[in-house]
Amino acid sequence: MELSTTTTTTIDGDRIQEYAKKLRQGNFLETLALNVAMGIHAEITKRDETLEGFSPKCVDELEKFLKEQIVDDAFYLTKAEEILNHLTLWLQAGRTEENLWKNVALDSALIFLEPLDLSNRTLDELTAMLGLASKTVPATEPQLFISTTITQILTSAPPRTACKSLLRIWDWQEDAHKNVFFRDNYSTGFIKLALKDKDPVTKEYFYFTGKAAWGIIEEFGSLGKDTAKLHCLLSAYVFQQAVPWRTEIKLAGTGKNGGTNLIDLMGWGERKDMTPSQKLLRIEQCLKLLRRLDATIKWNIGKLGCDMNSLIWDVAVERYGQRNIFTDEIDEPTEIVAFIRAGRWAEFFFNKPGKNARPPVALYEFGWISKSTLKMNPYHDELAFLIAINITTESAIHTNGKYTVKTVLEMAMPKNEIELTRSVKYKAQDLKQRWDKALMQLAELDWQIIYDSETYPEWLRPGSTTGKPKDCRKRIIDLLLEAGVTIKPPGKIPALIAAKKSASLPRKRKSASAAPLEWEPIQKACEAKGWTKQTAIGEKLGISQQLVSQLQRGKPISPKTAAHLRKILPQVLPELSI
């Protein structure tokens, strides 16, 4: 409704300023938002009269959008002058000042609505502007851990390396061509990760290099732990699919439709420092990071081989909620749904029919994760969380769970930081306290912690009140880093892994060949000689320090290494029966 024309008079600037303040503090913006909502709804009812009306919450959201759009005083000053120019005649005609506000708000709403081009919008777009439920949230996968405290996850090399890359940002490298990568070497091949994404316009993939790549890796610093946790959840859901490299699954953020509740699975259900929308947006950020991990894979094991390039995850995210009429974005979603499919790597590393074929053409590798691990706060219980996630992802291959403290710490922090504790006393004390706290936290969550009786004395263990013996010449930090400890996941997981490994071992025909060579008696014989350091053992046995470390961590002795040891052991360790 247009205002009647009047002769414009000069109005005192101070009066305009005062009236503009009155508009800003009053309900003018709310009235404007209501008129904008009514305009959008009028266009909706032209298409479908059966759709519901808009709610007061919708007006509140529109008012918030308008506040973000109207950031300076010019708007209110203009409206104040317009109202003051008409106010005297308006009141003389027996009408109220409130009605004048409504008329000006209506004219303003029409100005805001004009560039939105409502008549050319789809019904979905219009209803999203008002937060109406025209688009139905699709059915999603059921919630994990409903009747059990553990679940199976993919732990083969590609997802295991992906998890490492999110947590060990110090191991990312850059070559002379500014290609940024994370490389993980295995005895049977390697996984090399780079950062890749799809151009929204051309729909073609491109690699991030140089500063752009390092900018994404910086995000791993703030989001990497949450992203690693989410990565494990995706691995758990994808495990349940027969052909995960083809089958797309849907995961919801809140589970309001009765399906997946990622917020709860991430352990954020009770967090008060983030709104529900902020939790959903953080999950979306983590999913976008996972979407960018691209793997070059070269693998040979027996007669099986794999040489491919594959995204770790194929990810798309859709938001649900009220659309910002100015940006066309759903800025504060009430729900998100992630559409997930495993990359092509799963066809080789998680293909049960391919493994059971004769001859086999693929692998089928997996492990287990506990609900308590996923519920851990990776920022409050950082070291415990990092130990738990890393050991979970490698427990299916490192079945005995035996490590040195230094080896475990190297999963959670750069090597140079660990070595610095040998020369800086306060850093050594801090690391010892953090390590002890982490082990006690894991023990409270039912993780199995067993201390090596020879290298990890009682007085060095967490919670001990006994001081260092006077006759002990080594420093505490040196003793700690070299100490042996067995760490295994909680509950039935170690037994399940052991049973799986036993069932997967090939049956060999009886022969007169020598029995397999075990590392444990060799290690004990070396220690009896006083050879405790890996470098010393390697020199005596003619093998590398790296191989000694791998053997101490449970790697089986290969036939080639066994043949070498059988030749040298009678001279070096004649007392050892082989």
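In this report, we go over the structure that sits alongside the text. Remember, it's a predicted structure, so these values are computed and weren't measured experimentally.

1. Looking at the sheet that holds strand β6 (residues 249–252)
Taken in spatial order, the 3 strands of this open sheet run β6-β10-β9, and their pairing is antiparallel. If you trace the sheet from one side to the other, it starts and ends with β6 and β9 (313–320), each paired once. Taken pair by pair, the neighbouring strands of this sheet meet at an average axis angle of 25°, ignoring direction. Here β9 runs beside strand β10 (residues 335–342); their pairing, made up of 8 bridges, is antiparallel. Counterpart to Trp 313 in the pairing with β10 is Ala 342.

2. Regarding empty space enclosed by the protein
Within the structure shown, the criterion is met by 3 cavities of 30 Å³ or more. Estimates place the volume of the largest cavity at around 50 Å³. Every residue lining the largest cavity is listed: Ile 391, Ser 395, His 398, Thr 399, Asn 400, Gly 401, Tyr 403, Ile 487, Lys 488, Pro 489, Pro 494 and Ile 497. Looking at the lining of the largest cavity, the elements with two or more residues in it are β14 (484–488) and α19 (493–504). Its residues assigned to classes, the lining of the largest cavity comprises 6 nonpolar, 5 polar and 1 charged. Of the voids in this model, the second largest cavity is the one considered here, and its volume is about 40 Å³. Contributing to the lining of the second largest cavity are Ile 153, Leu 154, Thr 155, Pro 159, Arg 160, Cys 163, His 231, Cys 232, Ser 235 and Thr 393. Breaking the lining of the second largest cavity down by element, the ones donating at least two residues are α7 (157–167) and α8 (210–239). Split by residue class, the lining of the second largest cavity holds 5 nonpolar, 4 polar and 1 charged.

3. Here's the deal with the nonpolar core
Counting residues in each nonpolar core, the largest one holds 109 residues, and the members touching the most others are Trp 299, Ile 340, Trp 435 and Ile 487. A per-element tally of this core places α8 first, with 14 residues. If you look at the next biggest cluster of nonpolar residues, it comprises 38 residues, including Ala 33, Cys 58, Phe 65 and Leu 100.

4. Quick look at the side chain of Thr 155
Considering the arrangement of structural elements, one finds Thr 155 in the loop between β1 (150–153) and α7. Residues within four places of Thr 155 in sequence aside, it is in contact with Arg 160, Glu 365, Phe 366, Gly 367, Thr 392, Thr 393 and Ala 396.

5. Focus: the packing of aromatic side chains
The full count for this structure, using the stated rule, is 18 aromatic pairs. When the ring of Trp 299 is compared with that of Phe 349, the centres are 5.4 Å apart and the planes differ by 75°; the resulting orientation is edge-to-face. Of this pair, Trp 299 sits in strand β7 (residues 293–301) while Phe 349 sits in helix α11 (residues 345–349), and the two are 50 residues apart along the sequence. Accessibility assignment for this pair places Trp 299 and Phe 349 in one class, buried. Every member of this aromatic cluster is reached through a ring pair, and the members are Tyr 19, Phe 28, Phe 75, Tyr 76, Trp 101 and Phe 112. Looking at Arg 183, its charged tip hangs above the ring of Phe 190, at a distance of 3.8 Å from the centre.

6. Some details on the environment of Arg 319
Here Arg 319 lies in strand β9. Judged by its relative accessible area of 26%, Arg 319 falls in the partly exposed class. C-alpha separation for the pair Arg 319 and Leu 293, spaced 26 residues apart in sequence, amounts to 22 Å. Aside from chain neighbours lying at most four places away, what touches Arg 319 is Leu 281, Glu 284, Ile 330, Asp 331, Pro 333, Glu 335 and Ile 336. There is a polar contact of 2.8 Å between the side chain of Arg 319 and the side chain of Glu 284. At 2.7 Å, the side chain of Arg 319 and the backbone oxygen of Ile 330 are in polar contact.

Conventions and cut-offs
- Residues numbered from 1 in each chain as written.
- Predicted model: local features only at pLDDT ≥ 70, side-chain atom pairs only at ≥ 80, totals over all residues.
- Heavy atoms only, no water.
- Pairing = 2+ DSSP bridges.
- Helix = DSSP H or I, 4+ residues; strand = E, 2+ residues; numbered from the N terminus.
- Axes fitted to C-alpha atoms, helices over the stretch in contact; angles between N-to-C directions.
- 1 Å grid on protein atoms, 1.4 Å probe; cavity = no way out; pocket = protein on both sides within 12 Å on 5 of 7 lines; lining within 4 Å.
- Points joined across faces, edges and corners; volume = space filled by probe spheres on them.
- Nonpolar A, V, L, I, M, F, W, Y, C, P; charged D, E, K, R; others polar.
- Core = buried A, V, L, I, M, F, W, Y, C linked by side-chain atoms within 4.5 Å.
- Buried < 20%, exposed > 50% of the residue type's maximum accessible area, 1.4 Å probe, protein only.
- Contact = heavy atoms within 4.5 Å.
- Phe/Tyr/Trp six-rings, centres within 6.5 Å; stacked < 30°, edge-to-face > 60°.
- Lys NZ or Arg CZ within 6 Å of the ring centre and 35° of its normal.
- Polar contact = N/O pair within 3.5 Å; in protein donor to acceptor, adjacent residues only side chain to side chain.

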